[in-house]
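# Structural characterization, general
The lines below spell out each chain.
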Amino acid sequence: MKKLGLVFLVLILAGSFSETAAQKKGRAVVCFQSDMDCTNCEQTLYEYLKFEKGVKDLKVDHASNTIFIEYAEKKNDDKSIAQAIEKKGYKAQKITKKEYDELVEHSKEHGHEHGHEVHRER
Amino acid sequence: MKILGIVLLMSLPFVTFSQVLEGTVYGNEDGEKQPLPGVNIYWQGTNRGVASVGDGSFKIKKGPRDHMLVFSFVGYEHQEIHVHDLDPVEVILEPNIELGEVKVVHKNRGTYLSAIDPIQTERINGAELHKAACCNLAESFETNPSVDVSYSDAVTGAKQIRLLGLEGTYSLLQIENMPNLRGLATNFGLTYVPGPWMESIQISKGAASVLNGYESIAGQINAEYKKPDADEKLFLNTFFGASGRLEFNGNGNIRVYKDVLSTGIFVHASDQSKKNDESGNGFLDEPLSRQIQVMNRWKYNNHKGYMAQAGFNVLTEDRLGGQTAFERGMEPLITNPYGINIENDRLEGFFKTGYVWPNQRTALAWMSNFSRHETRSFYGLNHYDADETRFYANAVLTRDLDKSGAHSLNAGVSFIYDSFNESLYDNKMEHKEQVPGVFAEYTLKPSDHFTFMTGIRADFHNLFGTFVTPRMHLRYMINDHVTIRANAGRGYRTANVISENNYLLASSRELKWIENVFQEKAWNYGLALVQKYTLWERELQLNAEYFRTDFQTQLVVDRETSASNIILAPLDGKSYSNSLQFDVRYEPVERLDILVAYRHNDVKQTIAGRLMEKPLISRYKGLINLNYTTNLKKWMFDYTVQFNGGGRIARYPTENLSIASASDDDEFSPYTVMNAQVTKYFRYWNIYLGAENFTDFKQKNPVAGADDPFGPRFDATNVWGPIKGRRVYLGLRFSLNHQ
C-alpha cells in the first residue's frame, strides 16, 4: 500500500512535466477582441470559457479586452467559441494572433507608463 | 532617465485620449495608508469596472453618464465617491470591523502565512478546504502542519485537536470571532462545524489579543462561515463514504433588499448507519451516528458605516457505539452487550453590530452569542447527563489616537455567563460562572515594518476572584524577506472537569475528581521567523517558530496512580510544552505546491509526583503535502503524508506495584498516515474521489479488555493513533453564483 503513495507522487510529477511536452499537437488557436471592461466580467468569462469543449489554454484580459483560446481542433471550432462568448453577453470579434499580441503588448506598456506617471506627479 | 520620461510623456496622449479616470486606493491599516491591490472599482449601475493593481492604482474609462464610482473590497467598508472631472482621485478604505482580521488573500495558495499581522497566523481559505474531504472542522486540518487531530477514545468518535502539542481546550475556538463550542460542546464541537459551510479558518499561535478574552493559552482558531451577501447563490454538497457515511450540505443566499439586507440558509445532515468492525474486537470502529443542523443568518449593511448581523443555529445529534451486538433501545445493563449512547441537542444564536463614525477614526463594535446545550448519555453502566446555558457579550471601541494612525487604542467590556447542571454516577453538580471584564489594548505602528501591540484585561470572576491578563505582541519586518515576531502573555481557563473529560467514562475505572470546576493558569511565549524569497521566479516561504507554555495550575488526568480510578486532580509540580516547528512552501514546477513541515513536541507534566511525558502525544510530526492542478484548474490532485512520532502510553498500575518493566506497552511506535484526493471541476459542479488513511494503518488493540467490557481491565481511552482504517469516499459539489 505504501507503494500506492509513491505511484501517486510519480503520477503528479509526471503529469506536470508531460503537459509542456504534449502541447501544440492538433491544437488550434483563436483570438478575439471583446468588450469586457471589468475584472468581474473577466472572471465570469474565464470561468465560463474554460469549460467549453476542448479548451486547453485560455487567457482573458479585460485591460486589453482580449481573449486567447487554444483548443483541440477535433472538439471545437472558432465559430462555436465565438458563440459561447456572445452567449455570455460579450462581443467576440475575431482577430489574428498578431493583432492579439499587439493589443496585449500595448496594454502592458499602457500600465507601465502609468506607473511612471504616478512617480512624476509626486 | 530624463529622456525616457520625455518619451513617456509624449506618448501619453496616445494612450489616454479616451476619457480615463485615474486614482489610487489605500486601505486604512491602523491609521496608516497602505496601497490596496485587488479592489473592485466600478461605475454605479453598470458592470463596467476595474481592479486596482499592486501599488493600489487604477484606471477606469469614464463615460458621459458615469458619476458615482464604487469601491468594494472584502474586509473593507464599501465606499462611493462622486466624480466631476478627470482629476486623479485618492480613496482610503476603512477596514470592516466585522472582518477586521481578514487581510489580502493570496489567490491561488490554500494556506498562507501573513506578514502583516502582528500575531503568527495561518489562514486557510476555500481553496485549501477543497483539498481534503473536509466533512467538518475536525477534518479540515489534515493538510495543516500546525494542528494535530486525533481521536479522544476508541468508541465515541470524538476528535480532538492539539496546537503546540496541547489539547484543543487550551486554544480558543471561535466562530466568526466569538468564542464557541466549549463546555458541553468541547468533545464533539469540532464535528458541529460542517466543512462546506465554512469560508475560511484562521489559526493563530501563542496567546492572542486580549480583545477576545483571557483564554487562548496555546492559540486561537477561528472559523468564518459563508456570508449571506457573498456571490454564492446556491451551494450543494453530497458525500458518500465507502464505510457507510452519508452526508448532505447545502446553503443558499437571498438578497432580500438590494445589497443592504441579505440572508443565508444552511443545512447539514449526516448519517452513519453501517456497522464497521474491521479490527474484529467486537467493538464498532466508529459509532452509528446521525446529525442534523440548520442555520439561518441575516446581514444588514447600509454602506454608510452601520452594519448588523444576527442568526441562529439548531443542532441535534445521536451517537450509538460500543459492542457491535448492542442495539438501539437496549438498556445499559451488565447482561446486555456494552453500549454507548450520546444524545446532544444544541441551540445557538448570535447578534453583532458595528458602527464607524464618518470621520473614520472611531468605531464601535458589539458581539454577542448565546447557546443552550443538552446532553443525555451513557457509557456502559455510567450515566452522564448535563445541560449548559451560556451567554457571551463583548463591546469594543476602537480609536486612532493621532492623525497618522500610528497610535491606536481598543478598549471595551465583556461579560460571560455560563451555567452548568450535571449528573454523573450518583452525583448531581451545578455551577455558574459570571465574569464581567474590562480590557484595553494599545497598538503602535509607526511604519509598515513595525507593530507593537500590548494589552491588558481584568476579569472579575464570581468563583475565582479578580485576575489580570497581560499580553504583548511584536512584529518587525527586518527587510523585504524577513519578518520576525515575538509574543508573551498570560492565559486563564475554566476547566469544566467532567464535561471536558466525559469520554474517559469509556473505561472500567471510575472517574475521581476533587472539584468539578477549576481554573487553569499559564504563561505562553513565542518567537517566529518568516522568510520569503524569490527562487526561480517563484516564491519560497520558510517559517521557523518556537513556542513555550508554562502551566502554574492545570487539570491533570492521572491514569497511573490507581488501578481502579482515573484521577482528575490539580497539578502538583511542573507542567510545560515546548513546540518547535519548521515549514517550507514552494512551487518547484508550475502549479505544483509543496509543503514540507516538521514539528518537535516536548510536552511534560507532573503526574503522580513525577515529571513525565504527557501520555498519548507524538514526540514529533512531519508532514508533506503536494497539490497539483492542471492548466485552467480542471483537475486537482492532492497528496498528504503525515509522519507521527512515537510517544508514551500511561502505565497501567498494578496492585502490588511490581510494574511490568518498561515493556512495549508503555510506548507507541512512530506511524505514517497518507491521504489522497482527486478533484475534477466542471462548469457548475465538481466531483472528488479520495482515500483517507489509504495505507490502512490502525492502532492495535484500541479497546483494552474488549472481551470483557464490564471487567476491570476494560479501557477504550488509551488512544494514540487511527481507529478507522482506509476510508474511500466520493463527493459532489454544486455551486451557482449571483451574476
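Residues numbered from 1 in each chain as written. Chains lettered and ligands numbered in written order. Predicted model: local features only at pLDDT ≥ 70, side-chain atom pairs only at ≥ 80, totals over all residues. Heavy atoms only, no water.

Inclusion rule: UniProt positions are given in the numbering used here, feature names are shortened, and annotations may be inferred rather than shown by experiment.
As annotated in an unreviewed UniProt entry, chain B carries the name Outer membrane receptor for ferrienterochelin and colicins and is attributed to Mariniphaga anaerophila. One UniProt comment on chain B, placed under Subcellular location (unreviewed entry), says "Cell outer membrane". The Sequence similarities (unreviewed entry) field of the UniProt record for chain B holds the comment "Belongs to the TonB-dependent receptor family."

Chain A appears in an unreviewed UniProt entry as Heavy-metal-associated domain-containing protein from Mariniphaga anaerophila.

## Structural notes on the domain arrangement of chain B
All names here are of chain B. For the record, the criterion: Domain boundaries shown here were taken from an automatic or database domain assignment. The quantity reported as buried area is the accessible area (1.4 Å probe) lost by two parts once they are put together, taken as the sum for both. One speaks of a salt bridge when a side-chain nitrogen belonging to Lys or Arg is within 4 Å of a carboxyl oxygen belonging to Asp or Glu. Counting of polar contacts relies on pairs of N or O atoms within 3.5 Å, with two restrictions inside protein: one atom must be capable of donating a hydrogen and the other of accepting it, and residues adjacent in sequence are counted only when both atoms are side-chain atoms. Secondary structure elements follow DSSP: runs of H or I no shorter than four residues count as helices, runs of E no shorter than two count as strands, and numbering proceeds from the N terminus. Asp, Glu, Lys and Arg are counted as charged, while Ala, Val, Leu, Ile, Met, Phe, Trp, Tyr, Cys and Pro are counted as nonpolar; the rest, among them Gly, fall into the polar class.
Taken domain by domain, chain B holds domain 1 (19–93) and domain 2 (331–735). Relative to domain 2, the C-alpha centre of domain 1 lies at a distance of 41 Å. Together domain 1 and domain 2 conceal approximately 680 Å² of surface at their shared face, both sides included; 27% is due to carbon and sulfur atoms. Across the contact surface, domain 1 and domain 2 share zero salt bridges. At the surface where domain 1 touches domain 2, the tally comes to zero residue pairs in polar contact (both at pLDDT 80 or more). If you list the elements that add at least two residues to the side of domain 1 that touches domain 2, you get strand 1 (20–29) and strand 2 (32–35). Looking at side-chain class alone, the side of domain 1 that touches domain 2 contains no nonpolar, three polar and four charged residues.

## Examining the sheet that holds strand 12 (residues 159–163) of chain B
To summarise the sheet geometry, strands pair through backbone hydrogen bonds and adopt either a parallel or an antiparallel arrangement. Here is the rule: Being paired, for any two strands, means DSSP has found at least two bridges between them.
Strand order in the open sheet formed by three strands is 11-12-13 (chain B), and the pairing between neighbours is antiparallel. This sheet does not close on itself; its edge strands, each paired only once, are strand 11 (147–151) and strand 13 (166–167) of chain B.

## Focus on unusual backbone geometry
Residues and elements named next belong to chain B. Note the cut-off: Only protein chains enter the calculation, and the probe is 1.4 Å; a residue is then buried if its accessible area is under 20% of its type maximum, exposed if over 50%, and partly exposed in between.
The phi dihedral of S216 is positive, around 50°, even though this residue is not glycine. By relative accessible area, S216 is classed as buried at 2%. In the Ramachandran plot, Y425 falls in the positive-phi region, its phi being about 50° despite a non-glycine side chain. Within the fold, Y425 resides in the loop between strand 26 (407–424) and strand 27 (427–447). A residue is classified by how much of its surface remains accessible, and Y425, at 24% relative accessible area, is partly exposed.

## Looking at helix 3 (residues 78–87) of chain A
Residues and elements named next belong to chain A. Spelled out, the test is: By construction, the arc corresponds to the directions joining the helix axis to the C-beta atoms. Any two residues whose heavy atoms approach within 4.5 Å at even a single point are treated as in contact.
When helix 3 is considered as a whole, its buried residues turn out to be I81, A82, A84 and I85. For helix 3, the angular spread of the buried residues around the axis is 155°, confining them to a single face. Facing away from the buried side of helix 3 by more than 90 degrees, the exposed set consists of K79 and K87. Of the surrounding secondary structure, the elements contacted by the buried residues of helix 3 are strand 1 (27–33), helix 2 (39–49) and strand 3 (66–72). Regarding helix 3, its N-cap is D77, as a side-chain oxygen of that residue lies 3.1 Å from the backbone nitrogen of K79 further along. Following helix 3 by one or two positions, G89 has its phi on the positive side, about 90°.

## A few points about the packing of aromatic side chains
Residue and element names in this part refer to chain B. We apply this condition: Working definition: a ring pair exists when centres of Phe, Tyr or Trp rings (six-membered ring for Trp) sit within 6.5 Å. Plane angles under 30 degrees give stacked, over 60 give edge-to-face, the rest tilted.
Under the defined criterion, the tally for this structure stands at 29 aromatic pairs over all chains. Judged by centre distance (6.4 Å) and plane angle (45°), the rings of F697 and W720 are tilted. Here F697, found in the loop between strand 44 (685–692) and strand 45 (727–737), pairs with W720, found in the loop between strand 44 and strand 45; they are 23 residues apart in sequence, far enough to count as distant. Given a relative accessible area of 25%, F697 falls into the partly exposed group.

## Things to note about the environment of Q93 of chain A
Residues and elements named next belong to chain A. Looking at where Q93 falls in the secondary structure, it is placed in strand 4 (residues 93–95). Judged by relative accessible area, Q93 falls into the partly exposed class, the value being 40%. Each C-alpha atom, one on Q93 and one on S80, is 13 Å from the other, the two residues being 13 residues apart in sequence. Among all residues touching Q93, those that are not within four sequence positions of it are C31, F32 and Q33.

## Section: the pattern of salt bridges
All names here are of chain B. Per the counting criterion, the structure on display carries 45 salt bridges over all chains. In this structure, the salt-bridge partner of E139 is R245, at a minimum N-O distance of 3.6 Å. Linking E139 in the loop between helix 2 (126–129) and strand 11 with R245 in strand 19 (residues 245–257), this pair joins segments that are 106 residues apart in sequence. For E139, a relative accessible area of 6% gives the class buried. The residue R255 makes a salt bridge to D231 at a minimum N-O spacing of 3.8 Å. A residue pair is termed long-range when its members are at least 10 positions apart, and R255 in strand 19 and D231 in the loop between strand 17 (219–225) and strand 18 (232–241) qualify at 24 residues.

## What to know about a nonpolar patch on the surface
Residue and element names in this part refer to chain B. Put simply, the rule is: Candidates for patches are residues over 30% relative accessible area with no salt bridge; among them, like charges are joined within 9 Å and nonpolar side chains (Val, Leu, Ile, Met, Phe, Trp, Tyr) within 5 Å. Shrake-Rupley sampling with a 1.4 Å probe provides the accessible areas, and residues are treated as covered by the protein chains on show and by no other component.
On the surface, L234, L236, F248, I254, V256, Y257, I265, V267, I292, V294 and W298 cluster together into a nonpolar patch covering about 860 Å² of accessible area. Listed by contribution, the elements that provide at least two residues to the nonpolar patch are strand 18, strand 19, strand 20 (261–272) and strand 21 (288–301). When residues in the nonpolar patch are grouped by element, the largest group, four residues, is from strand 19. The topology assignment puts I292 in strand 21. Overall, the relative accessible area of 42% leaves I292 in the partly exposed class.

## A word on the environment of L261 of chain B
All names here are of chain B. Relative to the helices and strands, L261 is located in strand 20. Residue classification places L261 among the partly exposed positions, given a relative accessible area of 26%. Considered as a pair, L261 and N302 are 41 residues apart in the sequence and their alpha carbons are 8.3 Å apart. Residues in contact with L261, not counting those within four places in the same chain, are I254, R255, V256, W298, K299 and Y300.

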